[in-house]
Amino acid sequence: MKLGLFYGSTTCYTEMTAEKIQAFIGADIIDIFNIKDFPLSKCLEYDFIIFGISTWDFGELQEDWESQWQDVAKLDLSGKTIAMYGQGDQEDYGDWFQDALGMLHEAISHNDCRRIGFWPNQGYEFTGSKALINDGQDFVGLSLDDERQYDLSEERIQTWIVQILEEYAN
Ligand SMILES: Cc1cc2nc3c(=O)[nH]c(=O)nc-3n(C[C@H](O)[C@H](O)[C@H](O)COP(=O)(O)O)c2cc1C
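Throughout this description, residue numbers start from 1 for each chain and increase along the sequence as written. Totals for whole chains, interfaces and linings use every residue, but because this is a predicted model, local features are given only for residues with pLDDT of at least 70 and side-chain atom pairs only at 80 or more, for both listing and counting.

A. Region of the structure containing the packing of helix α1 (residues 13-25) against helix α5 (residues 150-169). A fitted line through C-alpha atoms represents every axis, and for helices the fit uses only the stretch in contact; the resulting angles, taken between N-to-C directions, go from 0 to 180 degrees. Helix numbering and strand numbering both begin at the N terminus, where a helix is a DSSP run of H or I of at least 4 residues and a strand a DSSP run of E of at least 2. In the contact formed by α1 and α5, the axes pass within 10 Å of each other and the chain directions differ by 55°. Considering the angle they form, α1 stands oblique to α5. Considering the relative orientation of α1 and α5, their crossing is right-handed. Contacts between α1 and α5 involve Thr17, Lys20, Ile21, Phe24 and Ile25 from the first element and Ile157, Gln158 and Ile161 from the second. Tallied by class, the residues present in the contact of α1 with α5 amount to 5 nonpolar, 2 polar and 1 charged. Any angle from 65 to 115 degrees is called roughly perpendicular, while one under 35 is roughly parallel, one over 145 is roughly antiparallel, and all others are oblique. The sense of a crossing depends on the near helix, which, turned anticlockwise from the far helix by less than a right angle, makes the crossing left-handed and, turned clockwise, makes it right-handed. For every residue pair, C-beta atoms are placed from the backbone, and the pair is scored as a contact if these atoms sit within 7 Å. When residues are grouped by polarity, Ala, Val, Leu, Ile, Met, Phe, Trp, Tyr, Cys and Pro land in nonpolar, Asp, Glu, Lys and Arg in charged, and all others, Gly among them, in polar.

Okay, structure coming up:
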């Protein structure tokens, strides 16, 4: 099994998360790529893909995702297994918490791919999010808020990694 993780990050939080995920899983098993430096199409080299995205400017995409957004819709992800995570701020941007994560989920939804790694919405306080699924019970991926809940992130990441590896195997 070889994973490819592709992230965009403006102030490094999503990037640091990618590095933590790599450290936990092992650099021999997972490659990480900043989409500022690599075309998104590189993800097609992997069968198991993780996407990392942050939300900016009241519910907008992180800038590097935004600049490759047209390519996202064109990706043929059929047969792939996809997990995703987001960074956001539930306190200052509680009406748009993790919106970009939801937009990314939506943008690839036409693909016949396997989506794993949904994450319960408990333990957060926010008023609105485009990233919710299953009657609003779950986020479409791991939801991280290093601004407000940095202390919880490490454990969330580790729990989520175990979850996605189990889901992948089953
Ligand atoms: C100007 C500004 C706008 C933001 N807008 C949102 C938002 O709409 N929704 C959200 O969940 N987080 C929002 N955030 C929080 C960022 O997503 C958060 O700081 C995140 O950790 C940034 O990750 P990055 O450095 O990897 O890009 C915003 C932050 C800033 C500074």
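B. Layout of the site of the ligand. The immediate surroundings of the ligand are formed by 24 residues, with Thr11, Thr14, Ser54, Gly88 and Tyr93 found nearest. The set of elements that each furnish at least two residues to the shell around the ligand consists of α1 and β3 (48-56). For the shell around the ligand, the residue count by class is 7 nonpolar, 11 polar and 6 charged. Throughout this description, a residue near a molecule or strand is one whose C-beta atom, derived from the backbone, lies within 6 Å of it.

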